[in-house]
Amino acid sequence: MFSSAGSQTENPLAFDNSMSMTSSDIQPVPSPELAEQEILQLRQQIGEHNYRYYVLDEPEIPDSEYDKLFIRLKSLESAYPQLITEDSPTRRVGATPLKAFGQVRHELAMLSLDNAFDEEDQADFNRRVKERLDTTEDIEYACEPKLDGIAVSLLYEDGRLVRAATRGDGTTGEDITHNIRTIESIPLKLMGNDWPRRLEVRGEVYMPKAGFEQLNRRASAKGEKTFVNPRNAAAGSLRQLDSRITAKRPLTIYCYGVGVVDDGVLPDTHSEILACLKKWGLRVSPELKVVKGVQACEDYYQTMAEKRQGLPYEIDGIVYKVNAIARQQALGFVARAPRWAIARKFPAQEAITTLKEVEFQVGRTGAITPVARLQPVFVGGVTVSNATLHNMDEIERLDIKIGDSVVILRAGDVIPKVNQVIHSMRPDNARDITFPDRCPVCDSELEREEAILRCSGGLFCSAQRKEAIKHFASRKAMDIDGLGDKLVEQLVDRKLIATVADLFSLTALEVSGLERMGKKSAENLINALDQSRKTTLPRFIYSLGIREVGEATAQGLAGHYRDLHKLMAASEEDLQTVDDVGPVVAGHIEKFFRQEHNREVIDALLAKGVEWESESSVVEEGGQPLAGETWVLTGTLNTMTRDEGKDILQKLGARVTGSVSAKTSALLAGDKAGSKLAKAEKLGVRVVTEDDFMQMRQAWGV
Ligand code: IVH
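Residues numbered from 1 in each chain as written. Predicted model: local features only at pLDDT ≥ 70, side-chain atom pairs only at ≥ 80, totals over all residues. Heavy atoms only, no water.

(A) Main features of the overall build of the protein chain. Regarding its fold elements, the protein chain presents 26 helices and 26 strands. With the principal axes as the frame, the protein chain shows a C-alpha extent of 85 × 75 × 50 Å. The proportion of buried residues among the 702 residues of the protein chain is 48%. In the protein chain, the share of contacts with a sequence separation of at least 24, taken over all contacts with a separation of at least 6, comes to 68%. With the model as given, the accessible surface of the protein chain reaches about 34,400 Å², and the carbon-plus-sulfur share is 48%. Mean positive and mean negative side-chain charge positions of the protein chain (89 and 106 charges, respectively) differ by 2 Å. (Helix = DSSP H or I, 4+ residues; strand = E, 2+ residues; numbered from the N terminus. Buried < 20%, exposed > 50% of the residue type's maximum accessible area, 1.4 Å probe, protein only. Contact = heavy atoms within 4.5 Å. Areas by Shrake-Rupley, 256 points an atom, 1.4 Å probe, with all protein chains shown as cover. Lys, Arg positive; Asp, Glu negative; His and termini not counted. Charge placed at Lys NZ, Arg CZ, Asp CG, Glu CD.)

Right, here's the structure in full:
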């Protein structure tokens, strides 16, 4: 549905059966004849809107309009239950769970693919194809991403989805019709009328990355088990006997071929067949491309390898298929794979290496993190020599010792992690990992909070001090241009600074003596420090690095107290009246401001000229005009930076978030606004141009 699906590329969420009706939606119930007509019309309309939304990615109407059609259909069907048919969009979710899965014998085997791991394998494949076809001409290939999901078969008879099955062992799979029906992007009835009377469509059901992350976030919030990756989550979701569970999972499909085709003809190339599937309402990959020759295949591979991280779903390679169906038939099959197709795999994101040592790092809040020092290994395009081991529990869970062989995983662009220990390869001299009993940096005592060990030294600990200063200087905090991590470390190590306030007493002369620092860059840094003195209250609060006070909480606190000293004086109880501040965060805030040292640093910062405009000025002049609104910024702005835009919006009372949803009040769109703009338009969210925004600012005097 529009309201619950989100963008098809991002997070097609579960079907929502609970849409409510308002009194203005209630329409009279017509006679049976008229009801039947209206029901057919509504189903047709809903089908077309689904098609525009899921297949074409060009929705025409907002959620609310779609919901109205749906509600009307449901109310007519409940007035005339005899008019309900299995292909009605209201009938996607079954009311009772199955007892067991049925078996489905595939009329045509569901094959797998041979793999190519490098350019050479790909060239060999191309050479074999040409030899068998006895041609010297460049071959036309259809190229598509290889999705990492679950292969399914969808059988349509007379245009209606009658059965869906998993691949199983290729010959026999499981009947998952009840679960497939809940996937809204899979049509229960095909569009048009020129489809074969019996048509088996094959494709990959997958869970988009965003939906997977949200599913796991929700599961861990409820203390439930999380899924390892989107593929497992998709598989688990399809393996449910109760389709009401599947209906809540963000699944979707890309179709990549056909199986049985009876009573009908299909075009004579693979790419045209996929175009037909799309025309009939089935989702096919928008990345499909027809190319000629092996070099063009390689180019496509490189392009997709670069695009991969940014795609909203996981892919593990590229599938190349000889495009002409006659040629596919001439090439035939070997064992379980066709001779006319190959899967070129991306380099492994997993690798085996050895754990050489474990070191302990002290973070900004004193948390001690064990870091694995590894024998350097090449994984997914980069050399990895360190990986996090998180905490004591993780070390216990992995049952890991120094000297062990370990599997390193690089999922997407996240920090590499030790995923598994190969216990069978443990050497005799493997050593236990021992946790330090004092801070490895400042020798203070350690405190234990569940699985986390923490240095009690606070800002006495130079590691915590360095991290606190790095945080203070970071872009979302005081935004001190040119004050990078290495520089902070040198400044602290050489005792040029001890607190963040000392930064503002630095001279160009002192700084120019540091490594990789010339006269010019030293002057630039002093200028940047100078400029950073002018800030905003939310940024200042955030920059203090109070535990669990992120950007949004800092903004909430600034909006609530509007004055730093009022915030500093607030009791734990009072702090909890601020949005999103619970007892734990309130405790951290109160404790932070109670510490003499922190109060001194704040006083010193203010004495050295750190300042912000009083938060009350805008309010006094006319209240916060955007209070209660949620805004998103996108694209390039010409008259201000994105961060400046964000500060202004916050000053006007808006909450600023990173992604567009149905709850977004407005999108401030600069030049070259991309997917967020498209999504806002799709969801009917108000779009404000930079010009509009300038006018609003003028009107409000900010
Ligand atoms: S074509 C005879 N196309 O990969 C050709 N398969 O290793 C059969 N897969 O079981 C498959 N994306 O689950 C094809 N664009 C794509 C694919 C794809 C993913 C999966 C499919 C198949 C497995 C074979």
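Further notes follow.
(B) Fine view of the packing of helix 21 (residues 583-594) against helix 22 (residues 596-607). At their nearest, the axes of helix 21 and helix 22 sit 5 Å apart, and the two run at 75° to each other. As summarised for this structure, helix 21 and helix 22 are arranged roughly perpendicular, according to the angle between their axes. Residue-level contacts link F592, F593 and R594 of helix 21 to E596, N598, R599 and I602 of helix 22. Counted by class, the contact of helix 21 with helix 22 contains three nonpolar, one polar and three charged residues. (Axes fitted to C-alpha atoms, helices over the stretch in contact; angles between N-to-C directions. Parallel < 35°, antiparallel > 145°, perpendicular 65-115°, else oblique. Nonpolar A, V, L, I, M, F, W, Y, C, P; charged D, E, K, R; others polar.)

(C) Inspection of the pairing of strand 5 (residues 160-166) at higher detail. Note: strand 4 (residues 150-157) against strand 5, six bridges, orientation antiparallel. Paired with V152 across the strands is T166, a residue of strand 5. (Pairing = 2+ DSSP bridges.)

(D) Molecular detail of the nonpolar core. Counting residues in each nonpolar core, the largest one holds 51 residues, and the members touching the most others are I480, L503, L557 and I589. Setting aside chain neighbours within four positions, we find I480 in contact with F472, A473, L503, L525, A528, L529 and S532. If you look at the next biggest cluster of nonpolar residues, it comprises 32 residues, including L190, L199, F212 and C255. (Core = buried A, V, L, I, M, F, W, Y, C linked by side-chain atoms within 4.5 Å.)

(E) Representation of the packing of aromatic side chains. Inspection of the entire model under this criterion finds 13 aromatic pairs. Both rings, one in Y254 and one in Y313, keep their centres 5.5 Å apart while their planes meet at 80°; by these two values the pair is edge-to-face. Of the two residues, Y254 sits in strand 8 (residues 252-262) while Y313 sits in the loop between helix 10 (294-307) and strand 10 (315-322), which places them 59 residues apart along the sequence. In terms of burial, Y254 and Y313 fall into one category: buried. Through successive ring pairs, a cluster of aromatic residues spans Y206, Y254 and Y313. Sitting over the ring of Y301, R344 keeps its end group 3.8 Å from the ring centre. (Phe/Tyr/Trp six-rings, centres within 6.5 Å; stacked < 30°, edge-to-face > 60°. Lys NZ or Arg CZ within 6 Å of the ring centre and 35° of its normal.)

(F) Highlighting the confidence of the model for the protein chain. The pLDDT averaged across the protein chain works out to 89; a share of 94% of its residues lies at or above 70. Taken together, the stretch residues 1-24 has pLDDT below 50 and engages in 70 contacts with residues farther than four places along the chain or on a different chain. Taken as a whole, residues 616-622 scores under 50 in pLDDT and shows seven contacts with residues more than four places along the chain or in a different chain. (pLDDT = per-residue confidence, 0-100.)

(G) A look at the sheet that holds strand 8. Sheet architecture is open: four strands sit in the order 5-4-7-8, paired in antiparallel fashion. Only two strands of the sheet have a single partner each, and these edge strands are strand 5 and strand 8. Going from strand to strand, the sheet's axes swing by 25° on average, the running direction of each strand aside. Running at roughly 40° to strand 4, helix 7 (residues 230-238) makes contact with strand 4 and strand 7 (198-206) of the sheet. Packed on one face of the sheet, helix 9 (residues 270-279) meets strand 7 and strand 8 and runs near 110° to strand 8.

(H) Layout of unusual backbone geometry. Non-glycine residue D57 carries a positive phi angle of around 60°. By secondary structure assignment, the location of D57 is in the loop between helix 2 (32-55) and helix 3 (63-79).

(I) Representation of the site of the ligand within the structure. Close to the ligand lie 14 residues, the nearest being E144, L147, E204, Y256 and K321. K146 is positioned with one of its side-chain polar atoms (N or O) 3.2 Å from an oxygen atom of the ligand. One of the side-chain nitrogen or oxygen atoms of Y256 is found 3.3 Å away from an oxygen atom of the ligand. Relative to its free-state accessible area of 520 Å², the ligand is covered by the protein chains to the extent of 87%. Contributions of two or more residues to the shell around the ligand are made by strand 3 (140-147) and strand 10. (Near = heavy atom within 4 Å. Polar contact = N/O pair within 3.5 Å; in protein donor to acceptor, adjacent residues only side chain to side chain.)

(J) Region of interest: the side chain of T252. Structurally, T252 is set in strand 8. Residue T252 is classed as buried on the basis of its relative accessible area of 1%. A polar contact of 2.8 Å, which involves the side chain of T252, links it to the side chain of S185.

(K) Quick look at a positive patch on the surface. On the surface, R217, R218, K222 and K248 cluster together to form a positively charged patch. Looking at the element boundaries, R218 is found in helix 6 (residues 209-221). (Patch = residues over 30% accessible without salt bridge, like charges linked within 9 Å, V, L, I, M, F, W, Y side chains within 5 Å. Salt bridge = Lys/Arg side-chain N within 4 Å of Asp/Glu carboxyl O.)

(L) Structural detail: the environment of V55. Tracing the sequence through the fold places V55 in helix 2. Placed 628 residues apart in sequence, V55 and L683 show a C-alpha to C-alpha distance of 16 Å.

(M) How the structure looks around helix 4 (residues 119-133). For helix 4, which comprises 15 residues, the first-to-last C-alpha distance of 21 Å matches the rise-based estimate of 21 Å (1.5 Å per residue) to within 8%. For helix 4, the complete set of buried residues consists of Q122, F125, N126, V129, K130 and L133. Take helix 4 and look down its axis: the buried residues cluster within an arc of 130°, on one side only. Looking at helix 4, the residues exposed on the side facing more than 90 degrees away from the buried face are E120, E131 and R132. Where helix 4 is buried, its residues meet strand 2 (115-116), strand 3, helix 10, strand 10, helix 11 (325-331) and strand 13 (341-345). D134 occupies a position one or two residues after helix 4 and carries a positive phi of about 55°. (Expected span 1.5 Å × (residues − 1). Arc of directions from axis to C-beta.)

(N) Empty space enclosed by the protein, seen in detail. Evaluated as defined, the whole model comprises three cavities of 30 Å³ or more. Size it by volume and the largest cavity reaches roughly 110 Å³. In this structure, the largest cavity is lined by K476, T536, P538, R539, Y542, E551, A554, Q555, D643, K646, D647 and Q650. The element best represented in the lining of the largest cavity is helix 24 (residues 642-651), accounting for four residues. In the lining of the largest cavity, the residues fall into three nonpolar, three polar and six charged. (1 Å grid on protein atoms, 1.4 Å probe; cavity = no way out; pocket = protein on both sides within 12 Å on 5 of 7 lines; lining within 4 Å. Points joined across faces, edges and corners; volume = space filled by probe spheres on them.)

(O) View of the pattern of salt bridges. Using the criterion set out here, one finds 45 salt bridges in the structure. Close ionic contact of K651 with E613 constitutes a salt bridge, the shortest N to O distance being 3.6 Å. Here the residue K651 occupies a position in helix 24, and E613 occupies one in the loop between strand 22 (611-612) and helix 23 (616-622), the gap between them amounting to 38 residues. Judged by its relative accessible area of 22%, K651 is partly exposed. Salt bridges sharing partners connect three or more residues here, namely E107, E157, R198 and D262.

(P) Quick look at the layout of surface pockets. The volume enclosed by the second largest pocket comes to roughly 1,000 Å³. R539, T641, D643, E644 and D647 are, among the 35 residues lining the second largest pocket, the residues nearest its centre. Counting residues per element, the lining of the second largest pocket draws most heavily on helix 24, which supplies seven residues. Partitioning the lining of the second largest pocket into residue classes produces nine nonpolar, nine polar and 17 charged.

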